[in-house]
Amino acid sequence: MKPPQFDYAAPATLPEALALLAHPDGDARPLAGGQSLMPVLAFRLASPRLLVDLRRIEGMDRIDIDAQGVRMGAKVRWCDIERDARLRTALPPLAEAIGHVAHYQIRNRGTVGGSLAHADPAAELPGIAVACDATIEVASVRGTRNIAAADFFQGALATALEPDELVTAISFPAWPAGRASAFEELARRHGDFAMAGTAVWFDLDAAGRAHNTHIGVIGASDRPRRLTAAEAKLDGQVVDARSIGEAACAAAGACDPADDLHASAAYRRNLVGVLVERALARALAGTRGGLAAAGSTVNRSGESH
Amino acid sequence: MEVSFKVNGNAVKAQVEPRTTLSLCLRDHLKLTGTHVGCEHGVCGACTVIVDGEAVRSCLTLAVQVEGRSITTVEGLAHGDELSPLQAAFRRHNALQCGFCTPGMLTTAHALLTEEPDASADRIREVLSGNLCRCTGYVSIVEAVLDARAAYGGPAGDTAHGHAAAATGGAGR
C-alpha cells in the first residue's frame, strides 16, 4: 500500500528536530534510513502527522572507539559497521552479527537508531545491545537520559522512549582482549529476521572457569533478553561439553517464544538450545587457552558416549 | 513539495507529496517505468535503484529524502541501444524470463560489481538474496553476474562455460 499522508520536515540541527518532535499536536516520528518505518507506514500500522527527517543533522553518524568502549551515533548505518574493521576486536559480537542484519540494499540505509527504536524482537542489534550491557542515549527538549538496554526494550515494537524522545546514540562498555564470544542465528533466508538467535560471552579464569557469563537471545521472546538461568549454569564452572550442554538445556527452558507462521513455540525453544550450545562451544574454541580445553572437551564427550 | 535530484546524469525536478516514495516518483512523475514495484515494503528488491553509488530499495525511500542526490535506474545502465556488459551477460545466460525482477537484479549487481569487481559466487549469492525472482531461478542470474565481472575489472569469466550455459538454455526453450 502507499503510505498514509503526513507532513515532512528536514531540520538542520538536533535542537530543531527535538522541538518538532515535541510539538503539542503530537504524533511526530523521526525518520532516518526509513528501513523499518517505511514498511510500517506501507502497512498503515502507523499514521504519524509529521515525519522529522534527520538526514541534514551532522555528527550523528560516527563510530567512536576508545578506552571507555564503543559509541555509535544513531545515524550509523549497517554498512558503516560492516566496513569498520576496528569493531572486530572492540565489539566482536556486533562484528559477527552484522553479516546477518538485513539485505545488501537495506544495509546501505538502515540505521542503528532506527533499529533500536523499532524494537523488533528478532532484530540483531537490540539483541547485541541487551547481551553486551549497552546504554541507549536519548534526547528530547526536556533533556537527555541514558537507558540500560535491558530496560529500554519493553515488548514487541515497544520501548521506554517517550513520544517526544529521540535515540541519539548507543554505547557499549570496553571489551577486554581474550574474552570468549560468539553469535549464532537461524533465518529462513540469509538477511531475513532471525527465527531465533543468540549472542554469548564469558571471561575465562586460569583454571578454565567461566565468569561474567552473558547469554542473550532474539526471536525467542517478545523482546531481546538475557537468559539468567542459563548463565548461572555456566558461571563458576569449567567450560566443557557438560557445562555447555547444561546451559543450553537451561536456555531452551528459560525462553518463552510464541507460535507464529514460521515456527511453533516448541521448535523455537529447541532451536534456542541448539544455537546456545553451538555459540558457547565456538566461543570456547575461539579463546587461545580454550583451544586446549575444547580438545579435552571432545575427548571427554567421546569417552562418555 | 518540490524535489530536485539527478537521474541517470540529468537534473530533474518533481512536485511530490511528502509520502511519495522514490519508486513512485520515478515511475509516475518522471515516467521512468524501468524501475519495477513488487511488494512495496522492502522484501522483493524489484525496485532497487542506485543512490550516489549505493543500491537502495526505492519503495523504502521517500522522494523528498533524495534531494540533491544522484540516482541511477536501470534505464541508465545501457549506452543508447547498446546493452551494458552486465545486461549482455544476462541475455547470454538467459538470466531472465518474465523480466519483472530484472531491473532490480541489474541495478543491485551493477552496484556490487562497481564496488567489488572480484565478488565471489558466494558474495554474489549473499547480495542477491535480497532480490526475489519467481520464474527463471537464480543459477543463471549468478552465472551472468560472475561472467560480467571482467567488464568491471574483475576476474575474466569462463567464456567457454558461459557459451555452454547459453547453448543449454537455448536448447531448453
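Residues numbered from 1 in each chain as written. Chains lettered and ligands numbered in written order. Predicted model: local features only at pLDDT ≥ 70, side-chain atom pairs only at ≥ 80, totals over all residues. Heavy atoms only, no water.

What is the right way to look at the domain arrangement of chain B in this model?
How big an interface is tends to be reported as the loss of accessible area on association of its parts. Residues and elements named next belong to chain B. Annotation of chain B at the domain level lists domain 1 (2-76) and domain 2 (85-172). Every contact between the two is made by 16 residues of domain 1 and, on the other side, 13 residues of domain 2. Between domain 1 and domain 2 lies a buried interface of about 1100 Å² when both sides are counted; carbon and sulfur atoms form 64% of it. Among the residues domain 1 hides against domain 2, the three largest losses belong to His36, Ile50 and Val74. Together they make up 39% of the total. For the pair domain 1 and domain 2, the number of links is zero salt bridges. Taken together, the links from domain 1 to domain 2 amount to five residue pairs in polar contact (both at pLDDT 80 or more). Mapped onto the side of domain 1 that touches domain 2, the elements with two or more residues apiece are β3 (48-51) and β4 (54-57). Counting residues per element, the side of domain 1 that touches domain 2 draws most heavily on β3, at three residues. (Domains from an automatic or database assignment. Contact = heavy atoms within 4.5 Å. Buried area = accessible area lost by both parts, 1.4 Å probe. Salt bridge = Lys/Arg side-chain N within 4 Å of Asp/Glu carboxyl O. Polar contact = N/O pair within 3.5 Å; in protein donor to acceptor, adjacent residues only side chain to side chain. Helix = DSSP H or I, 4+ residues; strand = E, 2+ residues; numbered from the N terminus.)

Help me out: how do you make sense of the side chain of Gln105(A) in this one?
Considering the arrangement of structural elements, one finds Gln105(A) in helix α6 (residues 104-107). Within polar-contact distance, the side chain of Gln105(A) engages the side chain of Arg57(B) at 3.4 Å. At 3.0 Å, the side chain of Gln105(A) forms a polar contact with the side chain of Thr108(B). Apart from the residues lying within four places of it in its own chain, the contact partners of Gln105(A) are Thr48(B), Ala55(B), Val56(B), Arg57(B), Thr108(B), Gly130(B) and Asn131(B).

What is the right way to look at helix α4 (residues 121-128) of chain B in this model?
One full turn of an α-helix is made of 3.6 residues, so residues set three or four places apart face in the same direction. When α4(B) is considered as a whole, its buried residues turn out to be Arg123(B), Ile124(B), Val127(B) and Leu128(B). Down the axis of α4(B), the buried side of the element spans an arc of 125°, and every buried residue falls inside it. Of the surrounding elements, those touching the buried residues of α4(B) are α3 (78-83) and α6 of chain A together with α3 (102-115) and α5 (139-148) of chain B. (Buried < 20%, exposed > 50% of the residue type's maximum accessible area, 1.4 Å probe, protein only. Arc of directions from axis to C-beta.)

What should I look at first to understand the domain arrangement of chain A in this one?
Residue and element names in this part refer to chain A. Looking at the assigned domains, one finds that chain A contains domain 1 (7-53), domain 2 (63-173) and domain 3 (180-295). The straight-line distance from the C-alpha centre of domain 1 to that of domain 2 is 19 Å. Counting from both sides, the interface comprises twelve residues of domain 1 and, opposite them, 13 residues of domain 2. Roughly 1000 Å² is buried in total at the junction of domain 1 and domain 2, and carbon and sulfur atoms are behind 73% of that figure. Here domain 1 and domain 2 share zero salt bridges between them. Joining domain 1 to domain 2, the criterion identifies zero residue pairs in polar contact (both at pLDDT 80 or more).

Just checking my understanding: could you explain the confidence of the model for chain B for this structure?
In this model, chain B carries a mean pLDDT of 91, and residues with pLDDT of at least 70 account for 90%. Taken as a whole, residues 159-173 of chain B scores under 50 in pLDDT and shows ten contacts with residues more than four places along the chain or in a different chain. (pLDDT = per-residue confidence, 0-100.)

How should I be thinking about unusual backbone geometry in this particular structure?
Backbone phi values are negative for most residues with the exception of glycine, while trans is the configuration of most peptide bonds. Not every positive phi belongs to a glycine, and Arg44(A) is a case in point at roughly 55°. Relative to the elements of secondary structure, Arg44(A) occurs in the loop between α2 (37-42) and β3 (50-53). Judged by relative accessible area, which is 39%, Arg44(A) ranks as partly exposed. A positive phi is found at Asn8(B), a non-glycine position, where the angle reads about 50°. Turning to its location among the elements, Asn8(B) is positioned in the loop between β1 (2-7) and β2 (10-15). Among the residues examined, Asn8(B) registers a relative accessible area of 25% and is labelled partly exposed.

How should the sheet that holds strand β14 (residues 225-226) of chain A be read in this particular structure?
In any sheet, the strands associate via hydrogen bonds between backbone groups, in a parallel or an antiparallel arrangement. All names here are of chain A. Pairing is antiparallel in the open sheet, where four strands are placed in the order β11-β12-β13-β14. One side of each edge strand has no neighbouring strand; the edge strands of this open sheet are β11 (180-186) and β14. Taken together, the two bridges between strand β13 (residues 210-218) and β14 define a ladder with antiparallel strand orientation. Residue Val217 lies in a different strand from β14, and its bridge partner there is Arg225. Contacts between helix α8 (residues 124-131) and the sheet are confined to β11, β12 (196-204), β13 and β14, with β13 contributing the most and set at about 155° to the helix. (Pairing = 2+ DSSP bridges. Axes fitted to C-alpha atoms, helices over the stretch in contact; angles between N-to-C directions.)

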